[in-house]
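Read off the chains here:
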Amino acid sequence: MFKKILIANRGEIALRVIRACREMGIQSVAVHSTADADAMHVRMADESICIGPAPSADSYLSLPAIISACEVTGAEAIHPGYGFLSENAQFVQIVEDHDLAFIGPTAEHIRQMGDKITAKDTAKELGIPVVPGSDGGVATVEEAKKIGRDFGYPVIVKATAGGGGRGMKVAATEDDMESAYHTARAEAKAAFGNDEVYIEKYLQRPRHIEIQVFGDGQGNGVHLGERDCSLQRRHQKVFEEAPGPSITPQERKYIGDICANAIAKMGYRGAGTVEFLYEDGEFYFIEMNTRLQVEHPVTEAIFGVDLVREQIRVAEGMPLSFTQDDLEINGAAIEVRINAERLPNFAPCPGEITQYHAPGGLGVRMDSALYSGYKVPPYYDSLIGKLIVHGRDRTEALARLQRALGELIIDGKGVETTVPLFHALLQEKDIHTGDYNIHWLEKWLDAGGLDG
Ligand code: ADP
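Nothing here was measured: the structure is a model prediction, and the numbers come from that model. (Residues numbered from 1 in each chain as written. Predicted model: local features only at pLDDT ≥ 70, side-chain atom pairs only at ≥ 80, totals over all residues. Heavy atoms only, no water.)

Asks: Would you mind going over the overall build of the protein chain with me for this structure?
Replies: Each helix and strand in the protein chain was counted, giving 15 helices and 21 strands. For the protein chain, the C-alpha radius of gyration of 21 Å lies close to 22 Å, the compact-globule estimate for 452 residues. For the protein chain, the proportion of its 452 residues judged to be buried stands at 58%. Taking as baseline every contact in the protein chain between residues at least 6 positions apart, the subset at least 24 positions apart corresponds to 66%. Entry remark: accessible area of the protein chain is about 17900 Å², with carbon and sulfur atoms responsible for 48%. Looking at charge distribution, the protein chain has the averaged site of its 45 positive side-chain charges lying 2 Å from that of its 66 negative ones. (Helix = DSSP H or I, 4+ residues; strand = E, 2+ residues; numbered from the N terminus. Rg over C-alpha atoms; globule rule 2.2 N^0.38 Å. Buried < 20%, exposed > 50% of the residue type's maximum accessible area, 1.4 Å probe, protein only. Contact = heavy atoms within 4.5 Å. Areas by Shrake-Rupley, 256 points an atom, 1.4 Å probe, with all protein chains shown as cover. Lys, Arg positive; Asp, Glu negative; His and termini not counted. Charge placed at Lys NZ, Arg CZ, Asp CG, Glu CD.)

Structure, rendered in structure tokens:
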């Protein structure tokens with residue numbers, strides 16, 4: 001059993017991992033930048049160590065600083081959280097070269113899934129249905145136009161190295177292709193240092209359905225059903241739920257078994273998410289994330305399992321603590337992402353929190369690193385909290401979300417949050433019936449949804 005784990009992250013996800021460590025009797029080490037010296041994860045961990053200045057490139061992304069922090073503190077394993085170094089294969093290689101354990105998959109599996117073209121090819125080989133599209137990278141705009149004609153417009157040009165919704169452009173007709181192709185490449189170059197792009201059929205009204213999978217690295221794989229993350233702005237999720245309101249038990253078993261078998265065949269270790277677009281009863285693979293997701297708590301709520309604990313167990317070579325047959329869905333859960341952003345433009349607005357009160361009561365979980373007097377720094381992601389509610393069914397979960405949002409207080413000097421967005425969404429019939437797809441939120445915002 002690991003005695004000490006270093007958490008190479010900050011904010012609510014660092015707290016999430018510290019909590020799992022504490023319940024398992026494992027010591028935790030927080031790392032922080034100079035801007036985060038007063039952060040909650042530093043206060044809550046058993047030990048902490050400063051790893052550099054505010055910019056993440058010099059601290060949370062600094063491989064030498066993090067490896068040295070393990071050596072100084074005697075940590076045996078690293079949990080990367082999500083974002084930062086969580087999907088960096090080179091980092092995993094270095095961690096292992098230093099005889100430290102990485103709480104996540106192998107460098108090889110991260111590499112395989114990090115490149116989206118390789119990921120799609122792997123998925124196809126493993127029997128997972130994929131979005132129709134180009135056979136690999138598309139090197140010229142002429143080739144892009146030919147693919148557009150072959151598949152039929154609209155199509156989407158996507159960065160091979162993509163992530164976080166960047167490097168993606170839709171071409172509605174051949175006239176758009178020139179600009180979509182060059183813009184996607186330029187964005188990809190700027191964001192990822194790699195301008196390779198590929199093309200997919202653009203689905204017009206799909207839902208984003210993702211399957212949570214887990215492998216023990218020894219040939220066993222399970223799935224924990226789906227999450228529906230269709231409510232997105234600029235390809236970024238804002239509201240997630242499990243189970244998906246449109247997915248039948250038969251569909252869940254069909255796609256879940258395909259994913260679990262693929263994970264088993266790969267010999268995959270740890271948590272993973274296989275993402276699909278879902279339209280007219282068909283699933284189309286888009287990518288696999290080889291880490292814990294922001295929205296993992298909705299899955300934890302309906303299955304009653306601690307996914308971070310399982311990550312730690314399998315990283316130590318222990319078996320998963322459940323089998324597929326043990327996993328049964330109990331009720332419905334919803335997560336909303338609370339960002340320090342000013343509506344209606346979602347402009348980041350960091351600053352000092354003057355008053356913070358977290359909601360509580362039955363079926364309410366607030367994952368946040370806020371406290372009264374905390375200064376939200378301007379250097380990092382604007383996510384400041386996740387409110388997760390669980391009910392016996394979706395109707396109860398929605399009522400609970402409304403009640404919990406009403407209890408939540410986040411006041412700050414110049415700080416605003418996305419909370420009003422969720423109050424407004426809860427007034428919408430489509431949210432109550434579950435009748436939405438990946439374009440619903442943007443259309444609603446464009447139509448002045450926030451003004452109502
Ligand atoms: P990223 O890694 O940047 O998050 P993804 O490939 O996961 O990129 O896609 C993110 C989102 O972009 C999807 O959830 C969906 O809303 C949209 N999207 C991606 N591919 C397509 C497609 N072929 N058709 C329609 N929408 C798409």
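Asks: Would you take a moment to explain helix H6 (residues 116-125) for this structure?
Replies: Side chains of residues three or four places apart in an α-helix project in the same direction, reflecting 3.6 residues per turn. Turning to H6, its buried residues are Lys 116, Ile 117, Ala 119, Lys 120, Thr 122 and Ala 123. Those residues of H6 that are buried are in contact with helix H5 (107-114), strand S6 (155-163), strand S8 (197-201) and strand S13 (282-289). The opening residue of H6 is Asp 115, an N-cap whose side-chain oxygen sits 3.1 Å from the backbone nitrogen of Ile 117. A positive phi of about 85° marks Gly 127, the residue just after H6. (Polar contact = N/O pair within 3.5 Å; in protein donor to acceptor, adjacent residues only side chain to side chain.)

Asks: Please clarify how the side chain of Lys 237 should be interpreted in this entry.
Replies: Inspection of the secondary structure assignment puts Lys 237 in strand S11 (residues 236-242). By relative accessible area, which is 14% here, Lys 237 ends up buried. Of the polar contacts made by the side chain of Lys 237, one reaches the side chain of Glu 210; its length is 2.9 Å. A distance of 2.9 Å separates a polar atom in the side chain of Lys 237 from a polar atom in the side chain of Glu 275. The contact partners of Lys 237, leaving out residues within four places of it in the chain, are His 208, Glu 210, Cys 229, Leu 231, Gln 232, Glu 275, Gln 293, Glu 295 and Arg 337.

Asks: Help me out: how do you make sense of the site of the ligand in this one?
Replies: Taken together, 21 residues are adjacent to the ligand, and Lys 116, Gly 165, His 208, Gln 232 and Glu 287 come closest. His 208 is positioned such that a nitrogen or oxygen atom in its side chain is 2.8 Å from an oxygen atom of the ligand. For the ligand, an oxygen atom lies 2.6 Å from a polar atom in the side chain of Glu 287. Within the complex, the protein chains bury 96% of what would otherwise be the 560 Å² of accessible surface of the ligand. Sorting elements by how many residues they give to the shell around the ligand places S6 first, with three residues. Looking at the shell around the ligand residue by residue, the class counts come to eight nonpolar, six polar and seven charged. (Near = heavy atom within 4 Å. Nonpolar A, V, L, I, M, F, W, Y, C, P; charged D, E, K, R; others polar.)

Asks: What am I meant to see in the pairing of strand S9 (residues 207-216) here?
Replies: Most of S9 is tucked away: ten of the ten residues are buried. The alternating pattern of S9 places Arg 207, Ile 209, Ile 211, Val 213 and Gly 215 and His 208, Glu 210, Gln 212, Phe 214 and Asp 216 on opposite faces, both of which are buried. Bridge analysis of S9 against strand S10 (residues 221-233) gives six bridges, and the strand direction is antiparallel. The partner of Gly 215 across the bridge, within S10, is Gly 221. Remark: four residues form the turn of the hairpin made by S9 and S10, two consecutive strands paired antiparallel; Gly 217 in that turn has positive phi of roughly 75°. (Pairing = 2+ DSSP bridges.)

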